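Report on the structure
The chain contents come next:
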Amino acid sequence: MTDRPRFHWFLPMHGDARYYGGDPAPRPATPDYLRDVARAAEVNGFESLLLATGHGTRDTWLVGAAAAAATETIRFIVAFRAGYTLPTLTAQMVDTFQQLFADRLDVNIVTGSDGPEQQAYGDDIAKDERYRRTAEFLSILDSELAGGRFDFAGDHYRVRGGGRPRPVSRRPTIFFGGLSEEAAEVGAAYADVQLMYGETPPMAAEHVERISKLAARHGREVEFGIRIQVITRDTADEAWAETDRILARLTPEVVARRQRELATRQSVGQRRVQSLNPGVIDRDALRPYPTIWSGLGLVGGGGGSTALVGSHAEVAERIREYVDVGISHFIVSGAPLLEEAYRFGEGVIPRFADAADAGIADDDVTGATAGPAGDGGPATGAGGRR
């Protein structure tokens, strides 16, 4: 293993399902519940919380500010769509957040891949043009946050005399998802952390190698992160029993409808991660790799397509394999977010501390190899995100 992984959790942006597979009455994301989830992540050793954006969610900036006011140390990865606010105004928002909440803001730049959602926002720019707009947005944002006056003239933005009065107190880490050709170029040039969906380690290794080479052409280095669900329990049997309960809630009709909807998305990454499931309820075919389960992809997209499933030791071992291929950031989540923050925080995160500090025996830190319940076949598919 190279470096310790950096773990990030998730905040509910419209409700928190109590279980996977379609909860008809999810917990509402009240201010008190947001505080509880944020504090659970904070006390369990997560570095930050992702606030995902979508047309049906709440505003990420406002939710992030509310959660920051209720916590002390945890950071917030605020996702937002480039181009929906001016980059100069975004820099002002970043600067303000850092001043008010002790430099605890990072950002996730979203370009968008879902045509109907883009149209619902009133954004009908073609995909390749959206990425050119994102590149201009990030170039201006960099200049703004550095402080000092600058001018910019592009196809989408023109700035005269821009720049914050002084450099931002802490430049936020820029998380960016995108593995199509257009997205990879933008990420290589501007991102700090390049994100991908929950592919297998061999598939993730392809992206690490490819985008690292692109970044090197820009004289840069980037880190890599993965967005994946987790179902971790004391034993593998307990974890895999959860997957059986999820499948029992699904019907072939619901799966077929969701598969048709997911097929319309433009994301290369979505196509890759969807390739890990057969599109039908088939328990054996939903295990494409040891401790990786693709059953969530029957009805969910993006970061909700795959899950790490197994005992705490098995899940930790798979994370080590991701680290070995170059992944350092893990944006993980479970259902429900409150209880699962404790399960992952108490069962998995301590395995990456020094054995003496964590009070864990050396053989327990190394983890166990996946038994029959966690075995899967070879990885399949190819592609990237957004």
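All values derive from a computational prediction rather than experimental measurement.

Parameters at a glance
- Residues numbered from 1 in each chain as written.
- Predicted model: local features only at pLDDT ≥ 70, side-chain atom pairs only at ≥ 80, totals over all residues.
- Heavy atoms only, no water.
- Helix = DSSP H or I, 4+ residues; strand = E, 2+ residues; numbered from the N terminus.
- Contact = heavy atoms within 4.5 Å.
- Areas by Shrake-Rupley, 256 points an atom, 1.4 Å probe, with all protein chains shown as cover.
- Buried < 20%, exposed > 50% of the residue type's maximum accessible area, 1.4 Å probe, protein only.
- pLDDT = per-residue confidence, 0-100.
- Core = buried A, V, L, I, M, F, W, Y, C linked by side-chain atoms within 4.5 Å.
- Polar contact = N/O pair within 3.5 Å; in protein donor to acceptor, adjacent residues only side chain to side chain.
- Axes fitted to C-alpha atoms, helices over the stretch in contact; angles between N-to-C directions.
- Parallel < 35°, antiparallel > 145°, perpendicular 65-115°, else oblique.
- Nonpolar A, V, L, I, M, F, W, Y, C, P; charged D, E, K, R; others polar.
- Phe/Tyr/Trp six-rings, centres within 6.5 Å; stacked < 30°, edge-to-face > 60°.
- Lys NZ or Arg CZ within 6 Å of the ring centre and 35° of its normal.
- Salt bridge = Lys/Arg side-chain N within 4 Å of Asp/Glu carboxyl O.

**Digging into the overall build of the chain**
Across its full length, the chain carries 14 helices and 14 strands. Within the chain, counting contacts between residues at least 6 apart in sequence, those at least 24 apart form 76% of the total. Summed over all atoms, the accessible surface of the chain reaches about 15,800 Å², with 50% contributed by carbon and sulfur.

**Comments concerning the environment of isoleucine 281**
In this structure, isoleucine 281 sits in the loop between α10 (268–274) and β12 (292–293). Residue classification places isoleucine 281 among the partly exposed positions, given a relative accessible area of 32%. Residues isoleucine 281 and leucine 247, 34 residues apart in the sequence, show an inter-C-alpha distance of 7.3 Å. When neighbours within four sequence positions are excluded, isoleucine 281 is seen to be in contact with Leu247, Leu250, Thr251, Pro252, Val255 and Leu298.

**A word on the confidence of the model for the chain**
When pLDDT is low, close inspection of the predicted coordinates is not appropriate. The predicted model of the chain averages 88 in pLDDT, with 89% of residues at 70 or higher. Segment residues 355–386 is flagged for pLDDT under 50; beyond a separation of four residues in sequence, or across chains, it makes 98 contacts in the model.

**Observations concerning the nonpolar core**
Counting 85 residues, the largest nonpolar core has Trp9, Leu11, Phe46, Phe76, Ile319 and Phe344 as its most contacted members. Per-element accounting of this core gives the leading share, 7 residues, to helix α5 (residues 127–146).

**So, the side chain of glutamine 98**
As for its position among the elements, glutamine 98 is in helix α3 (residues 87–100). A distance of 2.8 Å separates the side chain of glutamine 98 from the backbone oxygen of arginine 170, its partner in a polar contact. Excluding residues within four positions of it along the chain, glutamine 98 makes contact with Asp103, Arg104, Leu105, Val168, Ser169, Arg170 and Pro172.

**Some points on the packing of helix α2 (residues 60–69) against α3**
Viewed as axis vectors pointing N to C, α2 and α3 meet at an angle of 10°, and their least axial separation amounts to 12 Å. What the angle tells us is that α2 and α3 run roughly parallel. Here α2 contributes Trp61, Gly64, Ala65 and Ala68 to the contact with α3, which in turn contributes Thr90, Met93, Val94 and Phe97. Classifying every residue of the contact of α2 with α3 gives 6 nonpolar, 2 polar and no charged.

**Remarks on the packing of aromatic side chains**
Across all of its chains, the model carries 11 aromatic pairs by this definition. A centroid spacing of 5.5 Å and a plane angle of 35° characterise the contact between tryptophan 61 and phenylalanine 80, whose relative ring orientation is tilted. You can see tryptophan 61 sitting in helix α2 and its partner phenylalanine 80 sitting in strand β5 (residues 75–81), a full 19 residues away along the chain. Each member of the pair tryptophan 61 and phenylalanine 80 is classed as buried. The ring of tryptophan 240 has arginine 287 lying over it, and the distance from NZ or CZ to the ring centre is 3.7 Å. For arginine 320, the ring lying beneath its charged end belongs to phenylalanine 352, and the centroid distance is 4.6 Å.

**Observations concerning the pattern of salt bridges**
A full pass over the atoms with the stated rule returns 27 salt bridges. Measuring nitrogen to oxygen at the nearest pair gives 3.7 Å for the salt bridge that ties arginine 132 to aspartate 128. Here aspartate 128 and arginine 132 lie together in helix α5, a separation of 4 residues that amounts to about one turn. On the accessibility criterion, arginine 132 (41% relative accessible area) is partly exposed. On the basis of relative accessible area, aspartate 128 is assigned to the partly exposed category, the value being 34%. Between arginine 258 and glutamate 261 there is a salt bridge, with the nearest N and O atoms lying 2.5 Å from each other. Taken together, the positions of arginine 258 and glutamate 261, both in helix α9 (residues 252–262) and 3 residues apart, correspond to about one turn of that helix. According to the relative accessible area criterion, glutamate 261 is partly exposed, its value standing at 34%.

**Considerations on the environment of glutamate 72**
Residue position: glutamate 72 is located in the loop between α2 and β5. For glutamate 72, a relative accessible area of 68% puts it in the exposed group. Every residue in contact with glutamate 72, bar those within four places of it in the chain, is listed here: Glu42 and Arg104.

**A look at the side chain of threonine 306**
Its location among the elements puts threonine 306 in the loop between β12 and β13 (307–311). Of note is the side chain of threonine 306, whose polar atom sits 2.8 Å from the backbone oxygen of glycine 198. Leave out the neighbours within four places in its chain, and threonine 306 touches Gly198, Ile228, Gln229, Val273, Leu276, Trp293, Ser294 and Leu296.

**Re unusual backbone geometry**
Here the amide bond leading from alanine 335 into proline 336 is cis, since omega sits at 0°, within 30 degrees of zero. For proline 336, the location among the structural elements is in the loop between β14 (329–333) and α12 (337–347). In this structure, alanine 102 is a non-glycine residue whose phi angle is positive, near 55°. Looking at the element boundaries, alanine 102 is found in the loop between α3 and β6 (105–110). Even without glycine at this site, aspartate 103 takes up a positive phi of about 60°.

**Focus on the packing of α5 against helix α6 (residues 181–190)**
The axes of two packed helices give the description: the angle between them and the distance between them. Closest axis-to-axis distance for the α5/α6 pair is 9 Å, and the angle between their directions is 5°. Considered as vectors, α5 and α6 are oriented roughly parallel to each other. Contacts between α5 and α6 involve Lys127, Asp128, Tyr131, Thr134, Ala135, Leu138, Ser139 and Asp142 from the former and Glu182, Ala183, Val186 and Tyr190 from the latter. Looking at the contact of α5 with α6, its residues break down into 6 nonpolar, 2 polar and 4 charged.

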